[in-house]
Amino acid sequence: MAFGFVSGGLLLLCAVTCALRDSKNTLQQSSRLPQVPIVVECKAHALFISVDLPPSGSEPRFEAIDATGAYPVTESYGAQCGYTYSAHPLVGLVHLRASYFSCHTGNQNDEVFTFMFGLFIMYESGKELFFNVSKTCSVPPFPPRVVTCEENYMEVSVRTDLPSPTAGSIKEGFSAASAVAQSSAVEAWQVMLQQEGQQSEVMSAEDAATLGYFIMVTPGRLVFRTTFGQRHASVKMVNGVAVEVIQATVFFRQNWMVVMVDLVAACSLDEGTFDGYRLHWRTPAVMTPLVVGPSELRSEYIGMGVDGEVVDEQAATDRGYSVTIGEDTVDSSIPFAAEGGIRKSFVTGNVYNELYTVQLTYQQKLVDQNGVVTKHNAVRQMATPPIPRSPFSVNQTTLEERVFQVYLGNIPFDVELVSVELNGQEISVLTAAKMGYSITRVPEEENSFAYIIRVPFDDRLVVKQYLSAGSFEYTLDIKWTLNIRPQMEAYYHFSSVSALIADALPPVFDGMCTDNGISFMSDHQQYDYLWDIAIGSYTLTPQLASERGYILTNDSTTLILAVPLFTIGYVYEGITLKQFYGTFELLTRSAKTLEIEQSSAKRCLFQTTELLVCSTEGVMTVVTDITKAVPSADPARTTLLDRSCRPQETDETRVLFSFGLNTCGTRFHIDWQYVTYENEITFHELYSTDSRPVITRDAAYRPSDLLIRMTIRCIYPVRGIESLFVDRKFRAETPGIGQIKDPVKVPPQMLKPMQPQKRTVMKPSFQGSAARKPADYARVGQWSEPLDKYAQWSLGPNGGF
């Protein structure tokens, strides 16, 4: 690598003169010239020049120089003559790549190439700085065929034994129109452009040049170059990859024979992708369009690198480069921020962004069946989209310490914190340390850092507000000022934290699972009177605990609440025949505002015996033992009223049903206070009235059918159901009361329509356990107020009430 700084007219290794061009385009020598870093390197297939963008932001421009004059390297002219110019404002660089077979390059036997360029840089003063940049490159011999896919053109060169041009027939420098040799032999050359599915078109070399197809003869090679998207080019899908192909045949008559040279270039059009971690570029595993005639190509070598140089396997591994060779395609990938590329960070809209750009170099060696080598080069400039990296703040304050601790994370390695603004007062990091504030920088993963600031509650900059007796709110607003190095580009992040302290903290409950329920315990504090403990919307009092079956112990030091399983307030989940989860929640409310300040919930795993759950979403879940009525009953043969509704789980004695209240034949009854949903678990048992077997041809004869019925009910208060008839979606404020009536056997002669009986009113039996007696009902779930009556009915002729 040749690298130097230009100062006072000297560029190490490559610059020879330097001057200032004024507004009249005249050269003025300058005694004081700024330093200009320029990188000039001879790469495998091209000369590489890199120049920093000047502070003015104006892009430098180049002129190619040979014995005939100077030729501006514009976008169109560069593509015609083998120059690739690219500017990258975000990373502050301009690149120029020149093919060894570019128009104005000196060529000695295809081994030594001499380049001369004029470089113009405009500065903020309006003066234009001029440099002569030159470089001589010695390269190893080229293989028989070389195909180069640049960003703006395709080029193919082949080794030939054509007659060497006479003196003056090929000049050292060419304009676009003079790229064709001037000898009489070359003038007679013809070009046939071939396109699949189209008729071939034959024209002179001069006419081809006017269409953008350029042919050049060197001491030992024939070069063909054209831009992408030409009329005679075609785009093909090769193994799922779009490939642009151009095919030309150059021929001329020499004595009694016609010399023909096939020139084919094929380039992958894959633009590259970014998966969030790596940049990927794909190309066919074998570029089949390069095959000429009956021959076949096989791949013998694939390499990759950056900036025109292929790196060895160890270097590629160290940098994280990867070449994945599949059956059809080759995937070359480079990880984000890997060595060889350029990472740039900048601020847009007060958001830190970073991007990564890299010039991928791909090289493949292809060999046909005759051993003729084709070297396929590709250069692809790839870049990630701008990737935002927003910082985040976490409030790590511990109330017991009475100190605000705020964590600011996701800070890139090239960013530093310069100041903080605490409730409107800006303080530099250095000053903050002198004032006693703690600001520390700690490492994070993926080459990033975090800052932690600590500010005491009692600091003069912290806002303290009295809320109620013994309750204070402390507030701290922080504005973090961050700078990107080295350009010192600033962006900001805002954090706001507050704390209710000290003298009045809500009580904290410790929950514990027991065999029969859940137990909560809390130590008394000085200001416990500021808080109410609630279960749902009801305040926990000795009377409520007695009514619901809780065990409340409250002495001078500790409050203990034991909540037996199946008492009001539980929420049940994940019910199976083996186990289920029960959750009980205590709420801490402000005694003054009744606003909920804290929740203490405990979730425990219990073994399943028998239960029935009526959820707020209108789902009834029941687990019950049907063999209590008929020991020989098969649980798998049970159904609900709708006989298509079968149990979700069974074992030797129990069944588990879970169904919506509007499914499986569920009946309902509503009165002025309650809505009751009812279904039945049924089991049909066949038996014969005669112990002796009966042999008969009477088709009407069949054994008797014994029906076992177990009634299950869910009862909800009417006022707790939000929308029963409006949108037909069941939503209840609280779970309902579940009842299971012990099973009864109904002989077939009793399966007759029953007339509605007179409605009676009775109180259900509330049991704290899931065990049931024939005359009792077992209750699970919760209800926000006592259930003092419900309607009972008999089954009507059509299954109604």
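Sequence positions are assigned chain by chain, starting from 1 and proceeding in written order. A pLDDT threshold of at least 70 governs which residues receive local features in this predicted model, and a stricter bar of 80 or more applies before side-chain atom pairs are shown or counted, although totals over entire chains, interfaces and linings include all residues. The basis for every side-chain value is the complete set of heavy atoms in the structure, and neither hydrogens nor water enter the calculation.

### Some thoughts on the overall build of the protein
Note the following rule: A run of H or I in DSSP counts as a helix once it spans at least four residues, and a run of E counts as a strand once it spans at least two, with each numbered from the N terminus. When accessible area is computed with a 1.4 Å probe and restricted to protein chains, residues below 20% of their type maximum are described as buried, those above 50% as exposed, and intermediate ones as partly exposed. Should any heavy atoms of two residues lie within 4.5 Å, those residues are counted as being in contact. Reported accessibility uses the Shrake-Rupley method at a 1.4 Å probe radius. Residues are deemed covered only where the shown protein chains occlude them.
Counting its regular elements, the protein contains six helices and 59 strands. Buried positions account for 49% of the 801 residues belonging to the protein. Partitioning the intrachain contacts of the protein with sequence separation of at least 6 by distance along the chain shows that 63% fall at a separation of at least 24. A total of about 39,200 Å² of accessible surface is found on the protein, and carbon and sulfur atoms cover 51% of it.

### Thoughts on the sheet that holds strand 36 (residues 438–443)
The cut-off we apply is this: One requirement defines pairing of two strands: DSSP has to find at least two bridges between them. Here an angle of 0 to 180 degrees is reported between the N-to-C directions of two axes, which are lines fitted to C-alpha atoms, with helices fitted over the stretch in contact.
Spatial ordering of the open sheet is given by 32-33-37-36, a layout of four strands whose pairing is antiparallel. Both edges of this open sheet fall to strand 32 (392–395) and strand 36, since each of them pairs with a single strand only. Going across the sheet, the axis of each strand differs from the next one's by a mean of 20°, ignoring polarity. The pairing of strand 32 with strand 33 (residues 403–412) spans four bridges and is classified as antiparallel. Paired with phenylalanine 392 across the two strands is glycine 409, which belongs to strand 33.

### Let's talk about the state of the cysteines
Heads up, the rule is: When two cysteine sulfur atoms are found within 2.5 Å, that pair is recorded as a disulfide.
Under the criterion given, the structure shown has six disulfides. Note that cysteine 81 is cross-linked by a disulfide to cysteine 103, the S-S spacing being 2.1 Å. Disulfide cysteine 81-cysteine 103: torsion about the S-S bond near -85°, hence left-handed. Taken together, the residues cysteine 81 in helix 1 (residues 75–81) and cysteine 103 in the loop between strand 9 (93–99) and strand 10 (106–108) connect sequence positions 22 residues apart. Across this residue pair, the class does not change: cysteine 81 and cysteine 103 are buried. One disulfide bridge connects cysteine 614 with cysteine 714, the sulfur atoms lying 1.9 Å from each other. The chirality of the disulfide connecting cysteine 614 with cysteine 714 is left-handed, given an S-S dihedral of about -85°. With a gap of 100 residues between them, cysteine 614 in strand 50 (residues 611–614) and cysteine 714 in strand 56 (residues 704–717) connect regions that are remote in the sequence. Assigning the bonded cysteines of the protein consecutive numbers by sequence position, one obtains the connectivity 1-4, 2-3, 5-6, 7-8, 9-12, 10-11.

### Overview of unusual backbone geometry
Most peptide bonds take the trans configuration, and most residues that are not glycine carry a negative phi. Cis geometry marks the peptide bond from arginine 485 to proline 486; its omega dihedral reads 0°. Tracing the backbone shows proline 486 in the loop between strand 39 (471–484) and strand 40 (489–501). One non-glycine residue, asparagine 410, adopts positive backbone phi at about 65°. Looking at the secondary structure, you find asparagine 410 in strand 33. Notably, phenylalanine 566 is not glycine yet its phi reads approximately 75°, a positive angle. Here phenylalanine 566 lies in the loop between strand 46 (558–564) and strand 47 (571–573). Its relative accessible area of 6% is what places phenylalanine 566 among the buried residues.

### So, the sheet that holds strand 26 (residues 322–325)
Here four strands make up an open sheet; going across it, the order is 22-23-27-26 and the pairing antiparallel. Each of the sheet's edge strands pairs with one partner strand only, and the pair in question is strand 22 (273–274) and strand 26. Here strand 26 runs beside strand 27 (residues 329–335); their pairing, made up of four bridges, is antiparallel. Bridged to isoleucine 325 within strand 27 is valine 330.

### Digging into the nonpolar core
Definition in use: Here, nonpolar core means buried Ala, Val, Leu, Ile, Met, Phe, Trp, Tyr and Cys residues that are tied together by side-chain atoms lying within 4.5 Å of each other.
Counting residues in hydrophobic clusters, the biggest one holds 53 residues, and the most contacted among them are Val191, Leu222, Phe224, Leu263, Leu290, Tyr321 and Ile334. Per-element tally for this core: the top contributor is strand 21 (residues 257–268), with seven residues. The contact partners of isoleucine 334, leaving out residues within four places of it in the chain, are Arg278, Leu279, Met304, Val306, Tyr321, Tyr356, Val358 and Leu360. If you look at the next biggest cluster of nonpolar residues, it comprises 35 residues, including Leu47, Phe62, Val94 and Ile121.

### Quick look at the environment of isoleucine 715
As for its placement among the helices and strands, isoleucine 715 is situated in strand 56. Isoleucine 715 sits in the buried class, given a relative accessible area of 0%. For the pair formed by isoleucine 715 and glutamate 678, sequence separation is 37 residues and the distance between their alpha carbons is 8.8 Å.

### Side note on the packing of aromatic side chains
Selection criterion: Working definition: rings of Phe, Tyr and Trp (its six-membered ring) pair if their centres are within 6.5 Å, and the pair is stacked with planes under 30 degrees apart, edge-to-face with planes over 60 apart, and tilted otherwise. When the NZ atom of lysine or the CZ atom of arginine is within 6 Å of a ring's centre and also within 35 degrees of its normal, the charge is said to sit over that ring.
A complete count under the given rule lists 29 aromatic pairs for this structure. Here phenylalanine 580 and phenylalanine 606 contribute two aromatic rings whose centre-to-centre distance is 5.8 Å and whose plane-to-plane angle is 35°, an arrangement assigned as tilted. In this pair, phenylalanine 580 sits in strand 48 (residues 579–590) while phenylalanine 606 sits in strand 49 (residues 596–607), placing the two residues 26 residues apart along the sequence. Across the pair, exposure class does not vary: phenylalanine 580 and phenylalanine 606 are buried alike. Clustering of aromatic rings is evident, with ring pairs tying together Phe62, Tyr83, Tyr85, Tyr100, Phe101, Phe113, Phe115, Phe117 and Phe142. Note that arginine 61 overlies the ring of phenylalanine 120, its terminal NZ or CZ placed 4.1 Å from the centroid.

### Here's the deal with the side chain of arginine 389
As a reminder, the rule being used: Polar contacts, as counted here, are pairs of nitrogen or oxygen atoms within 3.5 Å of one another; within protein the pair requires one atom able to donate a hydrogen and one able to accept it, and residues that are adjacent in sequence qualify only if both atoms are side-chain atoms.
Along the polypeptide, arginine 389 turns up in the loop between strand 31 (387–388) and strand 32. With a relative accessible area of 14%, arginine 389 lands in the buried category. Within the structure, the side chain of arginine 389 is placed 3.0 Å from the side chain of asparagine 410, a separation counted as a polar contact. Setting aside residues up to four positions removed in sequence, arginine 389 forms contacts with Tyr352, Glu354, Asn410, Ile411, Pro412 and Ser448.

### Observations regarding the confidence of the model for the protein
Condition: Looking at any residue, its pLDDT shows the predictor's confidence there, from 0 to 100.
Overall, the prediction assigns the protein a mean pLDDT of 81, with 80% of residues at 70 or greater. Taken together, the stretch residues 748–801 has pLDDT below 50 and engages in 134 contacts with residues farther than four places along the chain or on a different chain.

### Describing the environment of glycine 69
Inspection of the secondary structure assignment puts glycine 69 in strand 7 (residues 69–72). Placed 35 residues apart in sequence, glycine 69 and histidine 104 show a C-alpha to C-alpha distance of 9.5 Å.

### Focus on the pairing of strand 36
Regular strands show a simple pattern: their side chains alternate between the two faces of the sheet. Bridging between strand 36 and strand 37 (residues 448–456) involves six bridges; their strand directions are antiparallel. Each bridged residue has a counterpart across the sheet, and for valine 442 the counterpart in strand 37 is alanine 450. Counting the residues between successive antiparallel strands, the hairpin from strand 36 to strand 37 contains four residues, one of them, glutamate 446, with a positive phi of roughly 55°.

### Notes on the pairing of strand 41 (residues 510–514)
Where strand 41 meets strand 42 (residues 517–523), five bridges bridge the pair, whose relative direction is antiparallel. Bridging from a neighbouring strand, cysteine 513 pairs with isoleucine 518 of strand 42. Here strand 41 folds back onto strand 42, and the loop between the two strands holds two residues.

### Some points on the pattern of salt bridges
For clarity, the threshold we go by: Definition used for salt bridges: Asp or Glu carboxyl oxygen within 4 Å of a side-chain nitrogen of Lys or Arg.
Under the definition given, this model contains 23 salt bridges. A salt bridge links aspartate 414 to arginine 343; the nearest nitrogen and oxygen atoms lie 3.2 Å apart. With a gap of 71 residues between them, aspartate 414 in the loop between strand 33 and strand 34 (415–422) and arginine 343 in strand 28 (residues 342–348) connect regions that are remote in the sequence. Take aspartate 414: its relative accessible area is 7%, and that puts it in the buried class. On the accessibility criterion, arginine 343 (22% relative accessible area) is partly exposed.

### Topic: the side chain of serine 495
The residue serine 495 is located in strand 40 in this model. According to the relative accessible area criterion, serine 495 is buried, its value standing at 6%. Polar side-chain contacts of serine 495 include one of 3.0 Å to the side chain of tryptophan 480. Once you skip the residues sitting within four places of it in the chain, serine 495 turns out to touch Ser393, Val406, Leu476, Asp477, Ile478 and Trp480.

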